[in-house]
Amino acid sequence: MSTVHRHHIAVIGTGYVGLTAGACLASLGHRVVCADMDPDKVERLTRGEIPILEESLPELVREGLDSGLLTFVLGAEKAICDAETVFVCVGTPMSPDGDLDMTAVDAVADEIRDLLPHGCALVTKSTVPVGTAARLTRRLDRPDVAVVSNPEFLREGTSVHDFLHPDRVVVGADDREAAERVAALYATLDAPMVITDAASAELIKYAANCFLAVKLSYVNVIAELCERVGADVGQVATAMGKDHRIGGAFLRPGPGWGGSCLPKDTRAMLRTAETADVDFQLLRAAIDVNIHQRERIADKIARLCGTDSATPLDGVRIGVLGLTFKAGTDDMRDSPAVALAGALARLGAELVAYDPVLTVGGTPAAPVPDVTVVDDPYEAGKGAACLVLCTEWPEFRDLDWNLMAKALDRPLVVDTRNHLDPEALRAAGIAWHGVGVRPVTGLAGDPVTGTADSPVTEQRPAAVPQPG
Ligand code: UDX
């Protein structure tokens, strides 16, 4: 792909956002130098080794390295020397008080303040609080350098696709000419361009992510309601989504939303609202619903296979399928699966989990509190009173359910994503409990009155107790 003008770009920080942005901008024909402070990481990236699981990213990095348009260097100083645009993509984790920790962003600004080439643009791409561009402008004290906000909307697992095929590109600066220069980097993408002021650009990112969180919490409550009134959330959400004003995306119920962005962004937005003296009740409710969703699923599991005591799952073994916060990533940050496992552990359960990307020869890639990680799904189910699917890995649909039925102590699966084919489980004699749908607990061979999305009503006495 060619561009009208090959820009010289520096990218500081090679996490999800920085690495994807760097590789994609190089693929658009720009010359990109990516900097990180971890020498080992820089060395590995220079060899084309990608530290994260991200579709198409290894190929794109390899292409960039081979063409010479993408290079990796140690330290910001080396990256910025002749840059026209400097992207700041360092982490902004959440501090315990709910504020974003801006230490890394501020440290980069301080480090490069006097080294930035004359007239360049400093662009924030990491999610930063509203007002950061204004604050960095004061902190840099370089009138010749424009601070620009260019928020990133990519999803983990599909980040390369999302970067190259965005729904929109947002660029905000109080210096319009600088915003247009940064927008020009994306000239070859077929996407609507929103050029605005810095504060609006910063807020757009939060407003969008928080809206998604509200939408997910909304559908999770609808799912709860469906369970109470005997409706089917699959049918309800599909019909809702046909209304173009609502749209069908982000209407799949699940164990709650998680990941490195939505939980952090919703909390940061609440802080912004508090500071601005705005009572954002709706967003607070969405966060509360998300916590409730995990507790509610844990309680449901306890009702299905526990006792009446205060710790109803005392000594009860529960198998878990999936620990990452969604399929297609190896990221476990704020994973609903881990939160649900924690809730089950608090009820006394002993948890054994399998996740296809977290085990290497039986060694967990990362320790998970309260959970023993194994490298085989049937091992996770072995002797369990219940198998709980938390992450929608496609391969879980193809498990040998007859084998799983033999491994399980009780033939019970709680599918928190409505991901499995209830009929395949029923054929193996396993009771299936989804979210917002009727359970499929009849015996194989019974008349079928529904589909996977609209599960059958029970025809025979349940193999396991029903949730109360
Ligand atoms: C999100 C935003 O989508 C993205 O624009 C932003 O840049 C970063 O945050 P990501 O964190 O990668 O991306 O995950 P996403 O695919 O949005 O999913 C977030 C959470 O919602 C996951 O836990 C996912 O499982 C859950 N989810 C998503 C549902 O439960 N149901 C859905 O229908 C969609």
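Residues numbered from 1 in each chain as written. Predicted model: local features only at pLDDT ≥ 70, side-chain atom pairs only at ≥ 80, totals over all residues. Heavy atoms only, no water.

Here we take up the packing of helix α9 (residues 198-229) against helix α11 (residues 262-275). At a minimum axis separation of 9 Å, α9 and α11 run at an interaxial angle of 115 degrees. The angle between α9 and α11 places the two elements in the roughly perpendicular class. For α9 against α11, the interelement crossing comes out left-handed. Across the interface between the two elements, L203, K205, Y206, A207, N209, C210, A213 and L216 from α9 touch L262, D265, T266, A268 and M269 from α11. By residue class, the composition of the contact of α9 with α11 is 9 nonpolar, 2 polar and 2 charged. (Axes fitted to C-alpha atoms, helices over the stretch in contact; angles between N-to-C directions. Helix = DSSP H or I, 4+ residues; strand = E, 2+ residues; numbered from the N terminus. Parallel < 35°, antiparallel > 145°, perpendicular 65-115°, else oblique. Left-handed = near helix turned anticlockwise from the far one by under 90°. Contact = heavy atoms within 4.5 Å. Nonpolar A, V, L, I, M, F, W, Y, C, P; charged D, E, K, R; others polar.)

What follows covers the sheet that holds strand β9 (residues 317-321). Across the sheet, which stays open at both edges, the 6 strands sit in the order β13-β10-β9-β14-β15-β16 with parallel pairing between neighbours. Strands at the two margins of the open sheet, each flanked by one partner only, are β13 (371-374) and β16 (431-433). Across the sheet, the axes of successive neighbouring strands diverge by a mean angle of 25 degrees, strand direction being ignored. Examined bridge by bridge, strand β10 (residues 350-354) and β13 share 4 bridges and lie parallel to one another. Looking across to β13, one finds that Y354 is bridged to V374. On top of the sheet, helix α12 (residues 281-305) reaches β9, β14 (386-389), β15 (412-415) and β16; it is set at about 170 degrees to β15, its chief contact. Against the sheet, helix α13 (residues 336-346) makes contact with β9, β10, β13 and β14, and its axis sits at roughly 160 degrees relative to β10, the strand it touches most. (Pairing = 2+ DSSP bridges.)

This part takes up unusual backbone geometry. Here S56, not a glycine, exhibits a phi torsion of approximately 70 degrees, which is positive. Along the polypeptide, S56 turns up in the loop between α2 (39-46) and α3 (57-67). For S56, a relative accessible area of 35% puts it in the partly exposed group. With a phi close to 50 degrees, D334 is a non-glycine residue in the positive phi region. Residue placement: D334 occurs in the loop between β9 and α13. By relative accessible area, which is 44% here, D334 ends up partly exposed. (Buried < 20%, exposed > 50% of the residue type's maximum accessible area, 1.4 Å probe, protein only.)

Looking now at the packing of α9 against helix α10 (residues 233-241). For the pair α9 and α10, interaxial distance at closest approach is 9 Å and the crossing angle is 140 degrees. Between α9 and α10, the crossing angle belongs to the class labelled oblique. Here α9 runs over α10; the crossing is right-handed. Across the interface between the two elements, Y218, V219, I222, A223 and C226 from α9 touch V233, V236, A237 and M240 from α10.

Our focus in this paragraph is the domain arrangement of the chain. The domain architecture assigned to the chain consists of domain 1 (8-195) and domain 2 (197-468). Between domain 1 and domain 2, the contact holds 31 residues from the first and 26 residues from the second. Summed over both partners, the interface of domain 1 with domain 2 buries about 2300 Å², with 58% contributed by carbon and sulfur atoms. At the boundary of domain 1 with domain 2, the tally comes to 2 salt bridges. As a salt-bridge pair, E156 and R333 come within 3.6 Å of each other at their nearest N and O atoms. Along the contact surface separating domain 1 from domain 2 lie 12 residue pairs in polar contact (both at pLDDT 80 or more). Where the side of domain 1 that touches domain 2 is concerned, the elements lending two or more residues are α6 (132-140) and β7 (169-172). With 3 residues, β7 is the largest single contributor of residues to the side of domain 1 that touches domain 2. Per-class residue counts for the side of domain 1 that touches domain 2 are 16 nonpolar, 8 polar and 7 charged. (Domains from an automatic or database assignment. Buried area = accessible area lost by both parts, 1.4 Å probe. Salt bridge = Lys/Arg side-chain N within 4 Å of Asp/Glu carboxyl O. Polar contact = N/O pair within 3.5 Å; in protein donor to acceptor, adjacent residues only side chain to side chain.)

To continue, consider the side chain of R142. Locating R142 in the fold gives a position in the loop between α6 and β6 (146-149). Residue R142 is classed as buried on the basis of its relative accessible area, which comes to 16%. Residues contacting R142, with those up to four places away along its chain left out, are R113, D114, L115, L116, P117, H118 and T137.

Now for α9. With 32 residues, α9 extends 47 Å from end C-alpha to end C-alpha; this agrees with the ideal 46 Å at 1.5 Å per step. For α9, the N-terminal cap is D197; the gap from its side-chain oxygen to the backbone nitrogen of A199 is 3.3 Å. Taken from the residues just after α9, G230 is the one with a positive phi, measuring 75 degrees. (Expected span 1.5 Å × (residues − 1).)

Below, the discussion takes up the packing of aromatic side chains. Pairs of aromatic rings are described using the distance from one ring centre to the other and the angle between the two planes. Enumeration over the complete set of coordinates arrives at 2 aromatic pairs. Centre to centre, the rings of F163 and Y186 are 5.9 Å apart; their planes meet at 45 degrees, and the pair counts as tilted. Here F163, found in helix α7 (residues 159-164), pairs with Y186, found in the loop between α8 (176-183) and β8 (193-196); they are 23 residues apart in sequence, far enough to count as distant. The same class applies to F163 and to Y186, which are both buried. (Phe/Tyr/Trp six-rings, centres within 6.5 Å; stacked < 30°, edge-to-face > 60°.)

Let us now look at the environment of F250. Among the structural elements, F250 can be located in the loop between α10 and α11. It is 26 Å that separates the C-alpha atoms of F250 and G91, two residues lying 159 residues apart in sequence. Not counting residues up to four positions away in its chain, the partners in contact with F250 are L212, K215, L216 and L262.

It is worth spelling out the site of the ligand at this point. Near the ligand, the surroundings consist of 19 residues, among which F153, L154, E156, R252 and R417 are the closest. In this structure, an oxygen atom belonging to the ligand sits 2.6 Å away from a main-chain N or O atom of F153. F325 places a polar main-chain atom, nitrogen or oxygen, 3.2 Å from an oxygen atom of the ligand. About the coverage of the ligand: the protein hides 95% of its 670 Å² of free accessible area. Per-element tally for the shell around the ligand: the top contributor is α9, with 4 residues. Residue classes in the shell around the ligand are distributed as 10 nonpolar, 2 polar and 7 charged. Two domains share the shell around the ligand, each providing at least three of its residues, namely domain 1 (8-195) and domain 2 (197-468). (Near = heavy atom within 4 Å. Areas by Shrake-Rupley, 256 points an atom, 1.4 Å probe, with all protein chains shown as cover.)

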